[in-house]
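Summary of structural features
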Amino acid sequence: PIIVHGTNMLDSRFRAFNANYQLGFVIEQFLATHFLSNSDVFDRFPELRILICHCGGALSRFIRTTRDRDTSKNLFFDTCSYETNLLEAAIKQRGVNQVCFGSEAPGSGGAIRPETGRTSDDMVPVIDSFGFLSTEDKVKIFNHNAAKVFPGLATATG
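Our subject in this report is the structure included herewith.

**Description of the state of the cysteines**
Under the defined criterion, the tally for this structure stands at zero disulfides. Free cysteine Cys53: the closest other cysteine sulfur is in Cys80, separated by 7.6 Å. Taking the relative accessible area as the measure of exposure, Cys53 reaches 7% and is therefore buried. Left unpaired, Cys55 is separated from the closest cysteine sulfur, that of Cys80, by 7.9 Å.

**Topic: the sheet that holds strand E4 (residues 99-100)**
Taken in spatial order, the four strands line up as E1-E2-E3-E4 in an open sheet, and their pairing is parallel. Both edges of this open sheet fall to strand E1 (2-4) and E4, since each of them pairs with a single strand only. In this structure, strand E3 (residues 75-78) lies alongside E4, joined through two bridges in parallel fashion. Across the sheet, Phe77 pairs through a bridge with Val99, a residue of E4.

**Examining helix H3 (residues 84-94)**
Residues Leu87, Ala90, Ile91 and Arg94 constitute the buried set of H3. Taken down its axis, H3 places every buried residue within 95° of arc, on the same side. Exposed side of H3, more than 90 degrees from the buried face: Asn85 and Lys92 are the residues found there. Gly95 sits one or two residues past H3 and shows a positive phi near 100°.

Criteria and thresholds
- Residues numbered from 1 in each chain as written.
- Predicted model: local features only at pLDDT ≥ 70, side-chain atom pairs only at ≥ 80, totals over all residues.
- Heavy atoms only, no water.
- Disulfide = S-S within 2.5 Å.
- Buried < 20%, exposed > 50% of the residue type's maximum accessible area, 1.4 Å probe, protein only.
- Pairing = 2+ DSSP bridges.
- Helix = DSSP H or I, 4+ residues; strand = E, 2+ residues; numbered from the N terminus.
- Arc of directions from axis to C-beta.

Set out below in structure tokens:
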């Protein structure tokens, strides 16, 4: 498996933004999602699994069509988005089967989330609070999906 995580951008246009590295994350992870989805890499490597961090950077604004490639066995996304509306939309758009639990605990999400009283990078109570997810969906996100992407995890935990 491969993990795609954005990094700082050297494009001088983004220096005007506070925390411009986060904008770099969004752009690079979004580009990776779309470049991979529209390439032949999964035809050439059908067993390749790729996890793109931070929900894939940004959500797609395009309606899926029958021409779109099925990447459900290859492309996955983590839940590391501290903005709950974005995370909810990402899970709905990407699909429960494509989402793996991810957090930066400890990480850049040190601000206290008012609804939980915990740091914003403590994603377990946030995901657990999503009423649109069934218990089975939550088990997939917290456990089963990661085992699909990283089979060594499944064998390591028995």
